[in-house]
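Each chain is listed here by its residues.
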Amino acid sequence: MTGQVPISLPEPAFAVTTRLARVAILTCTIAACSGAPGATTQASAIDRDLTDATVDQLQRLYERNRYTVTEVVQWHLDRIERYNHVYGAIETVLKGQALADAARLDASTGQRGPLWGVPIVIKANTSVKGEVTTAGWAGFTRPGHELVAPSDATVVARLKAAGAIVVGLANMPDLANSDTNRSTSFGRTGNVYDVRFSPGGSSGGVVTAVAANMAVLGNGTDTGNSIRMPAATSALVGVFPTRGLVSIAGIAPLDWLLDNTGPIARTVSDAAIALGVMSGTDSLDRMTMLAPATAQRGPFGAPLQPSSLKGKRFGVPAFILAGDGVPFHGIPWTVPSAAAEQLRVAANVPLRPETRAMFLAAVDALRAAGAEVVMNDSILPTNFARLASRVATYAYMRDGTDRFLERFGPAEYHSAEEYRKATGEPLYTSSIGTEDYFRVMGSVRIEQRRLDADPDAERLYHAPRRAVLAEYLATLDRYKLDGFVYPAIQMPPPDETMPQDGHLSDGPHSATSWVNMIGVPAVAVPAGFYDSGLPFGLEFSGRPWTDGDLLAIARAWELAGTWRHTPVLVEHGLLPVTSSRRGDQGRG
């Protein structure tokens, strides 16, 4: 998510890792490697019914009175109990509240919402009333100074109102500021397809929980790739909505001008149902009030009827295949062009050969399904990366943090300064814009400002953003494209059990932060597996406010092949995992 230069995995080590992964799967016993509880004997009916169950399938089970909501929620809580100590997906388990909510639904007779009785996970930077919003950072869990949410984030309130039941808060790296999933408040999350490997960040806890059937779906957040890249590591669907379709109010920001939230699910249809629930205007997020009259607002079920890729036309961004970088947070116009180009090139993320091969195979599959794929050096070339690099947001980091704490901070502190006074320590560096890596660019030092009061905001942020969006749309028009298609990540997930290039990997990395800079919709979908057994993900992006059309494309891709299989889980891992904290004030 930071867009830093990736750590390359040497080919011999990769080959050894591949062989080890295969041996681990082949020698795994049924008792140790079950994908469902109870597999030490014959799988039970509930295991067969609920493993990888979709929202629609779950609703049909409820309608036939096959299971109560309590039984379904308990099954998912049992999955957390059984596997979380290996995979580290859930930081806070909400067992008591989840079972209480399930019992309430079981006793209800009213109209059922679209997510009635669906167990979900919420990313740990998203406010859940009465729970600690750790955002992965130990500083928000200081005894006596915890960031206890006074109310639900808007998306949480909407998910709950639709009948969803929150079973836990998912692990994430500190304030979402990493491409892998290691936090100071909880620890490491492992990839569900091989626990030694990274699930990506910063929504790695959510993707591992959903892929491992600890929940049916969850919300991710995305500042530079953090929904789409982790979804791609774990053979899931991750949706980055048009910015403004879904409110980010109540989500602890990394960079509020780039932040977004959207669903992570095992199928496009489930993601579409969740997106319809999550979307809507919100007075706490002014971006949601700016949608044009033509915006597709959902529900998004209708466009997802079986459709076809035949006749669809996609362009491949040349700068992504070239590995051209777009520095995270951008480079302000005050940095001279020559220095800015040096900074941009330093952020290059090369496309790994094995990832290029997987992408080209996906292009072949698109063409076989009847789509046209245009690969041309003039389609979003290197100059597009240069243009996107000038959308500068770092000067407004603290402004976003103060806006969040003002409404969703605990009684003790409602700003970064009040936090410092209360605890004697500053907030996390990315929250207040004090990282020298980003705030010092050659001779230019970036000072923190308030966006609404900054006379330079037009030149720093608004005008460059409009220019990049205009070029994006002009390219769609020029080539008569339905959207763009490209790898969701520039490399396979790295092994985190051994150093690579002299240190522990901080990846995997992508070249997709430009999507955040212009706020256009994008969706990552499963697209097969590397020889190692780890997933490869494909990403589509489209025109602003056409989220339903983009989901229909993703659904057509999903129907065009078999791109995903259920992961085989282990009950004993190689790396230590911290015990989950218990939420809901000990209820249950």
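Preceding this paragraph is the structure being described.
Caption draft 1: Layout of helix H3 (residues 55–63). Listed in full, the buried residues belonging to H3 are Val55, Leu58, Gln59, Leu61 and Tyr62. An end-on view of H3 places all buried positions within 160° of arc, on one side of the element. Of the surrounding secondary structure, the elements contacted by the buried residues of H3 are helix H2 (45–50), helix H4 (69–87), strand E2 (119–123), strand E4 (217–221) and helix H9 (268–278). Just downstream of H3, asparagine 65 is the residue with a positive phi angle, here 60°.

Caption draft 2: Quick peek at the layout of surface pockets. Empty space within the largest pocket amounts to approximately 840 Å³. In terms of lining, the largest pocket is formed by 34 residues, of which the most central are Arg243, Trp256, Asp285, Arg286 and Met287. Contributions of two or more residues to the lining of the largest pocket are made by helix H14 (397–408), helix H18 (457–478) and helix H19 (513–518). Along the lines of polarity and charge, the residues of the lining of the largest pocket split into 19 nonpolar, six polar and nine charged.

Caption draft 3: Helix H15 (residues 416–423), seen in detail. Those residues of H15 that fall on the buried side of the exposure criterion are Ala416, Tyr419 and Thr423. The arc enclosing the buried residues of H15, seen along the axis, measures out at 55°, which places them on a common side. Glycine 424, located one to two residues past H15, shows a positive phi value of around 80°.

Caption draft 4: Summary view of the pattern of salt bridges. One pass over the structure, following the stated rule, counts 31 salt bridges. A salt bridge links arginine 420 to glutamate 417, with the shortest nitrogen-to-oxygen separation between them at 2.4 Å. Residue arginine 420 and its partner glutamate 417 are located together in helix H15, separated by three residues, close to a single helical turn. For aspartate 456, the salt bridge goes to arginine 449, with nearest N and O atoms at 3.2 Å.

Caption draft 5: Local environment of unusual backbone geometry. Going from glycine 201 to serine 202, the amide bond is cis rather than trans, its omega being 5°. With respect to the helices and strands, the residue serine 202 is situated in the loop between strand E3 (165–170) and helix H7 (204–211). Positioned with a positive phi, alanine 135 is a non-glycine residue whose angle comes to about 50°. Position of alanine 135 relative to the elements: it lies in the loop between E2 and helix H6 (154–161). Overall, the relative accessible area of 0% leaves alanine 135 in the buried class. Although it is not a glycine, alanine 235 sits at a positive phi angle of roughly 55°.

Caption draft 6: How the structure looks around the pairing of strand E7 (residues 313–316). Sheet topology note: the E7/strand E8 (residues 372–375) ladder contains four bridges and is parallel. In the strand pairing of E8, phenylalanine 314 is matched with valine 373. Here E7 runs beside strand E11 (residues 483–487); their pairing, made up of two bridges, is parallel. Bridged to glycine 315 within E11 is phenylalanine 484.

Caption draft 7: Focus on the sheet that holds E2. With respect to topology, twelve strands assemble into an open sheet ordered E8-E7-E11-E13-E12-E5-E6-E4-E2-E3-E1-E14, the strand pairing being mixed. Of all the strands in the sheet, just E8 and strand E14 (581–582) have a single pairing partner and so form its edges. Pairing of strand E5 (residues 237–240) with strand E12 (residues 522–529), which is carried by three bridges, proceeds in the antiparallel orientation. Each bridged residue has a counterpart across the sheet, and for phenylalanine 240 the counterpart in E12 is alanine 522.

Caption draft 8: Quick look at the packing of aromatic side chains. For the structure on display, the rule yields 20 aromatic pairs. When the centroid spacing of 5.6 Å and the interplanar angle of 40° are considered together, the rings of phenylalanine 319 and phenylalanine 384 count as tilted. With phenylalanine 319 in helix H10 (residues 318–321) and phenylalanine 384 in helix H13 (residues 382–389), this residue pair connects regions lying 65 residues apart in the sequence. The exposure classification of phenylalanine 319 matches that of phenylalanine 384, with both residues buried. Plain terms: the ring middles of tryptophan 557 and tryptophan 563 are 4.2 Å apart, the flat faces sit at 5° to each other, and that makes the pair stacked. Here the two residues tryptophan 557 and tryptophan 563 agree in accessibility, since each one is buried. Three or more aromatic residues link up through ring pairs in this structure, and these residues are Phe319, Phe384, Tyr472, Phe484, Tyr486 and Trp514.

Caption draft 9: Structural context of the pairing of E4. Counting buried positions along E4 yields five of five residues, so the element is predominantly enclosed. Residue alternation in E4 divides its side chains into two sets, Leu217, Asn219 and Thr221 and Gly218 and Gly220, and both sets are buried. Here E2 pairs with E4 via three bridges, running parallel. What sits directly across from valine 121, in E4, is glycine 218. Bridge count between E4 and strand E6 (residues 261–265): five bridges; the pairing is antiparallel. Pairing of glycine 220 across the sheet is with glycine 262, part of E6.

Caption draft 10: Looking closely at the packing of H4 against helix H5 (residues 95–107). In the contact formed by H4 and H5, the axes pass within 8 Å of each other and the chain directions differ by 160°. Comparing the axis directions of H4 and H5 gives the class roughly antiparallel. When the axes of H4 and H5 are compared, the crossing they make is right-handed. On H5, the residues touching Val69, Thr70, Val73, Gln74 and Leu77 of H4 are Lys95, Ala98, Leu99, Ala102, Ala103, Leu105 and Asp106. For the contact of H4 with H5, a count of residues per class yields eight nonpolar, two polar and two charged.

About the cut-offs
Residues numbered from 1 in each chain as written. Predicted model: local features only at pLDDT ≥ 70, side-chain atom pairs only at ≥ 80, totals over all residues. Heavy atoms only, no water. Buried < 20%, exposed > 50% of the residue type's maximum accessible area, 1.4 Å probe, protein only. Helix = DSSP H or I, 4+ residues; strand = E, 2+ residues; numbered from the N terminus. Arc of directions from axis to C-beta. Contact = heavy atoms within 4.5 Å. 1 Å grid on protein atoms, 1.4 Å probe; cavity = no way out; pocket = protein on both sides within 12 Å on 5 of 7 lines; lining within 4 Å. Points joined across faces, edges and corners; volume = space filled by probe spheres on them. Nonpolar A, V, L, I, M, F, W, Y, C, P; charged D, E, K, R; others polar. Salt bridge = Lys/Arg side-chain N within 4 Å of Asp/Glu carboxyl O. Pairing = 2+ DSSP bridges. Phe/Tyr/Trp six-rings, centres within 6.5 Å; stacked < 30°, edge-to-face > 60°. Axes fitted to C-alpha atoms, helices over the stretch in contact; angles between N-to-C directions. Parallel < 35°, antiparallel > 145°, perpendicular 65-115°, else oblique. Left-handed = near helix turned anticlockwise from the far one by under 90°.

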